[in-house]
Amino acid sequence: MENTFVVNIIHRPEMVPEYAEKVTGHGQAEDLGRKALLTESLDIFRFQQETAHKNGLKTTIQMTYASLFNEEAVSIAKEHHEKYGDEIALSLLGLPCTEFREKYKTKDFCIWMFSMEDKKAIVDDVFGKFHEIFGFYPQSTGSYYMDAELINYVKATYPSVKCAVATCWEEGPKAYHTCNNSWYTFMDGGPWNPWIPSKTNTHAPAANEAEDSGIVAIPHLSRDLLACYDGNGSNFGTHPQNVLRGMIYDSKTWEYPYLYNLIDQYRHLAKYNNGYSYNMMFVGPGWLNKMGRWEAPYELLKKSYEDGMAYYGELKKKGELVDMTMAEFADFYRANKSYTEPECALWKDILYGSNKQLFWYTDPYMRVCVNMDQGGAIVDLRPYAAKLEWPVGIGTPHITDASYPFLIQEKYRAGYFTHYAGEGTIRSAKVCYNGEEVDLALCRTHATFSQKDKARIITLDPVDIEFHDLTVKLQTVITFEEGSSDIRIDRNILEMSNPDADVTINEYMVACYGTTEYAEDMLGIKLATGSDGKYEKIDYEYKCREASVAGGKLAEAIIPQIKTKVILTSDSDDGESYVREGYAFSPMFTLGFHKKIHDKEVVSTWLKLERAN
């Protein structure tokens, strides 16, 4: 797989493009069958297809329900399948049209938000219409999000389906707030690159064949793994109109180097993933509306699309890119990836000019973000090991919130930099000496990536910690062992200004659970610490209690609300493990381990995740 950069280019003839009806209608009463709208949609789809083919690239044509009623859209798809090898697939986006509204009596259009009964009816309707038109069932489908129940039904009923667009990376409260609190589609917490979803939760990758849902999932858009995490993801993606919406271009020259830098950073991920990297471009026709979008005129929208496609075309000519249809990619993925192989991304800022660097890691047991700007602190942690059942849609507890819950999330639960009272969620360490303490989250650094056998290793540059009369040079090494739910963290004292001194390392994790900024009920969480039969326990009651055990090697929490057990362990006999309960103003819990350490010594701890039934 050496240096295989795969690109999926996906187009959909969306006869009623998102947002476009209101623009094309110029204030007229809503009319989803308006001829001007349908004509423009087809013109845009045709332009997109021509632009791809002109650059020697094949596409996946995701037919929408509305397009199945349009002879011209069907004719183009058939012709391009024969002539260029484009795949004819089926999208579960683009449901709204006159036929759909009349049949289902609703303005809902997000397939995962319907009741399960309606999901099945709509899928059967759309797949049946597709088969009636083309004489076969599709191999690929997709939406912004597809919940596990929906995927399982599609795969069981239409086994030809092998690939699906299944989630939109970090599309949650941040996106909601930048859409004037109106975009009720919460789907934070999934992988940013292709994966095999488990049967119980789309976000959580399958650990083995028994958990395999039967499809390969791809993300809806390839997003900037730093700018998108810090801000609104809709502004930062390899979808050219994302870049325009983020206003990341020169308004005089209409150039956008950021777009190419973003594509290149995705290519660079081959370095961390055994030579494989991936990118996708999925642009609905609404983005190329003749009236323009955001502050950009149509001419700029058109140019950005042509330039983006030309860049992919140049890479293909140089032998640096392989264009695949979605079905082809699903076969490639299954032939080249194992269930337990992680997806890794050491990602640097390519937009704001900072030196910030994040490391993203995902496998069947967890999704983790390590922030080098905060000394290698873990700032996002999703416990995939729980394979949490999370039904979505009308009639479930989660009508609009499809996110996978976090244990740590610095954007929604403060992280290190927090209010004058209380704590935020983070996994970090404090170095303590003679009544002074320094949190490593305050020590900015950078990291390098390495791989040894089945381990992925992040080695941070050493940091100097200055106390009143002592300087300590400390290096952190974080190891992810493939096939396990363990994160090993080593703190290595490289040098002390006084070699005879000792300092105390306080390894800690402040955590909670949730999917948004708002606190959840922590009652029912069970904390325990100790080892060798000596344990102290706290049942969470918001009472600020703390328990510690000298010589303890373990601190753990069971969070029944998300069926998760999180464990912090050490192999040291001469430390102290502890747990701490939060309070209503700061509804967190803390797991920790203290140990005294001398020059040239190392403290090792492990963070483990398990399902708790």
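Residues numbered from 1 in each chain as written. Predicted model: local features only at pLDDT ≥ 70, side-chain atom pairs only at ≥ 80, totals over all residues. Heavy atoms only, no water.

1. So, the overall build of the protein
(1) Moving on: If you tally the helices and strands in the protein, you get 12 helices and 29 strands.
(2) Moving on: Here the protein has a C-alpha radius of gyration of 25 Å; the compact-globule value for 613 residues is 25 Å, and the two agree.
(3) Moving on: Its C-alpha atoms put the protein at 80 × 50 × 45 Å along the principal axes.
(4) Moving on: Within the protein, contacts between residues at least 6 apart in sequence are counted, and of these 67% link residues at least 24 apart.
(5) Moving on: As presented, the protein carries roughly 22,500 Å² of accessible surface, and 49% of it is formed by carbon and sulfur atoms.
(6) Moving on: Each charge class in the protein was averaged separately, 64 positive and 88 negative side chains, and the resulting centres sit 2 Å apart. (Helix = DSSP H or I, 4+ residues; strand = E, 2+ residues; numbered from the N terminus. Rg over C-alpha atoms; globule rule 2.2 N^0.38 Å. Contact = heavy atoms within 4.5 Å. Areas by Shrake-Rupley, 256 points an atom, 1.4 Å probe, with all protein chains shown as cover. Lys, Arg positive; Asp, Glu negative; His and termini not counted. Charge placed at Lys NZ, Arg CZ, Asp CG, Glu CD.)

2. Focus on the sheet that holds strand 5 (residues 163–167)
(1) Moving on: Reading across from one edge, 4-5-6 is the order of the three strands in this open sheet, with parallel pairing throughout. Of all the strands in the sheet, the pair left with one neighbour each is strand 4 (140–142) and strand 6 (216–219). Ignoring which end each strand starts from, the neighbouring axes of this sheet average 30° apart.
(2) Moving on: As paired strands, strand 4 and strand 5 are joined by three bridges and run parallel to one another. Across the sheet, residue Gly142 finds its bridge partner in strand 5, namely Val165.
(3) Moving on: Of the strands in this sheet, strand 4, strand 5 and strand 6 touch helix 12 (residues 326–336), which is tilted by about 115° from strand 6. (Pairing = 2+ DSSP bridges. Axes fitted to C-alpha atoms, helices over the stretch in contact; angles between N-to-C directions.)

3. Overview of the nonpolar core
(1) Moving on: Core analysis: the largest hydrophobic core is formed by 176 residues, its most contacted members being Met63, Phe329, Phe359, Leu381, Val566 and Phe589.
(2) Moving on: Phe329 has contacts with Val6, Asn8, Pro194, Val216, Ile218, Tyr276, Tyr278 and Met324, leaving out every residue within four places of it along the chain.
(3) Moving on: Judged by nonpolar contacts, the second largest core, of 19 residues, contains Val472, Ile493, Ala501 and Ile597. (Core = buried A, V, L, I, M, F, W, Y, C linked by side-chain atoms within 4.5 Å. Buried < 20%, exposed > 50% of the residue type's maximum accessible area, 1.4 Å probe, protein only.)

4. With respect to helix 11 (residues 298–317)
(1) Moving on: Along its 20 residues, helix 11 runs 28 Å from first to last C-alpha, staying within 8% of the 28 Å computed at 1.5 Å per residue.
(2) Moving on: Those residues of helix 11 that sit buried are Tyr298, Leu300, Leu301, Ser304, Tyr305, Gly308, Met309, Tyr312, Gly313 and Leu315.
(3) Moving on: Two residues or fewer past helix 11, Gly319 is found with a positive phi of approximately 75°. (Expected span 1.5 Å × (residues − 1).)

5. Here we look at the side chain of Asn242
(1) Moving on: For Asn242, the location among the structural elements is in helix 9 (residues 240–245).
(2) Moving on: With sequence-adjacent residues up to four places away left out, Asn242 is seen in contact with Leu221, Arg223, Gly233, Ser234, Asn235, Phe236 and Gly237.

6. A few points about the pattern of salt bridges
(1) Moving on: Scanning all chains against the criterion turns up 47 salt bridges.
(2) Moving on: In this structure, the salt-bridge partner of Lys411 is Glu410, at a minimum N-O distance of 3.7 Å.
(3) Moving on: Given a relative accessible area of 32%, Lys411 falls into the partly exposed group.
(4) Moving on: The residue Asp486 makes a salt bridge to Lys608 at a minimum N-O spacing of 3.9 Å. Residue Asp486 is found in strand 20 (residues 486–496), and its partner Lys608 is found in strand 29 (residues 602–611); the two are separated by 122 residues along the sequence.
(5) Moving on: Through salt bridges that share partners, Glu170, Arg367, Asp380 and Arg382 make up one connected network. (Salt bridge = Lys/Arg side-chain N within 4 Å of Asp/Glu carboxyl O.)

7. Considering the packing of aromatic side chains
The geometry of two aromatic rings is summed up by the distance between their centres and the angle between their planes.
(1) Moving on: All chains considered together, the criterion is met by 34 aromatic pairs.
(2) Moving on: Geometrically, the ring pair formed by Tyr176 and Phe186 is tilted, given 5.1 Å between the ring centres and 50° between the ring planes. Taken together, the residues span a long stretch of sequence, with Tyr176 in helix 7 (residues 173–178) and Phe186 in the loop between helix 7 and strand 6 at a distance of 10 residues.
(3) Moving on: Both rings, one in Phe329 and one in Phe332, keep their centres 6.1 Å apart while their planes meet at 35°; by these two values the pair is tilted. Residue Phe329 and its partner Phe332 are both found in helix 12; the two are separated by three residues, about one turn of the helix. (Phe/Tyr/Trp six-rings, centres within 6.5 Å; stacked < 30°, edge-to-face > 60°.)

8. Topic: the environment of Lys534
(1) Moving on: In this structure, Lys534 sits in strand 23 (residues 534–539).
(2) Moving on: The sequence separation of Lys534 and Gln62 amounts to 472 residues, and the corresponding C-alpha distance is 60 Å.
(3) Moving on: Each residue touching Lys534, except ones within four places of it in the same chain, is listed here: Thr529 and Val549.

9. A few points about the environment of Ala377
(1) Moving on: Of note, Ala377 is situated in strand 12 (residues 377–382).
(2) Moving on: Residue classification places Ala377 among the buried positions, given a relative accessible area of 1%.
(3) Moving on: Along the chain, Ala377 and Glu2 lie 375 residues apart, while their C-alpha atoms are 31 Å from each other.
(4) Moving on: Aside from chain neighbours lying at most four places away, what touches Ala377 is Cys369, Val370, Asn371, Ile426, Arg427 and Ser428.

10. Observations concerning the state of the cysteines
(1) Moving on: With the rule as written, the count across this model stands at zero disulfides.
(2) Moving on: With no disulfide of its own, Cys97 lies closest to Cys110 among cysteine sulfurs, the gap being 15 Å.
(3) Moving on: Looking at the unpaired Cys432, the closest cysteine sulfur is the one in Cys443, lying at 12 Å. (Disulfide = S-S within 2.5 Å.)

11. Comments concerning the pairing of strand 21 (residues 502–511)
(1) Moving on: In terms of burial, strand 21 is a largely internal element, nine of the 10 residues being buried.
(2) Moving on: Examined bridge by bridge, strand 14 (residues 426–433) and strand 21 share seven bridges and lie antiparallel to one another. Paired with Ala429 across the bridge in strand 21 is Glu507.
(3) Moving on: As paired elements, strand 21 and strand 28 (residues 586–598) share 10 bridges and run antiparallel to each other. Residue pairing for strand 28: Met509 is matched across the bridge by Leu591.

12. Some details on unusual backbone geometry
(1) Moving on: A positive phi angle, close to 75°, is found at Ala414, a residue other than glycine.
(2) Moving on: Along the chain, Ala414 turns up in the loop between strand 13 (408–409) and strand 14.
(3) Moving on: In this structure, Asn434 takes a positive phi of about 50° despite not being glycine.
(4) Moving on: Locating Asn434 in the fold gives a position in the loop between strand 14 and strand 15 (436–439).

13. A short note on the environment of Pro240
(1) Moving on: Within the element layout of this structure, Pro240 appears in helix 9.
(2) Moving on: A relative accessible area of 2% places Pro240 in the buried class.
(3) Moving on: Expressed as a C-alpha distance, the spacing of Pro240 and Lys303, which sit 63 residues apart in the sequence, is 9.5 Å.
(4) Moving on: Residues in contact with Pro240, not counting those within four places in the same chain, are Leu259, Met281, Val283, Ser304 and Tyr305.

14. Remarks on the pairing of strand 25 (residues 554–559)
Side-chain positions along a regular strand alternate between the two faces of the sheet.
(1) Moving on: Buried residues dominate strand 25, accounting for five of its six residues.
(2) Moving on: Direction of pairing for strand 22 (residues 526–531) relative to strand 25: antiparallel, over a ladder of five bridges. Directly across from Ala528, in strand 25, lies its bridge partner Glu556.
(3) Moving on: Both strand 25 and strand 26 (residues 564–570) contribute to a ladder of six bridges, which runs antiparallel. Across the sheet, residue Leu554 finds its bridge partner in strand 26, namely Thr569.
(4) Moving on: Counting the residues that bridge the hairpin from strand 25 to strand 26 gives four residues, and of these Lys563 lies at a positive phi of roughly 50°.

Function-wise, these values are silent; they only describe arrangement.
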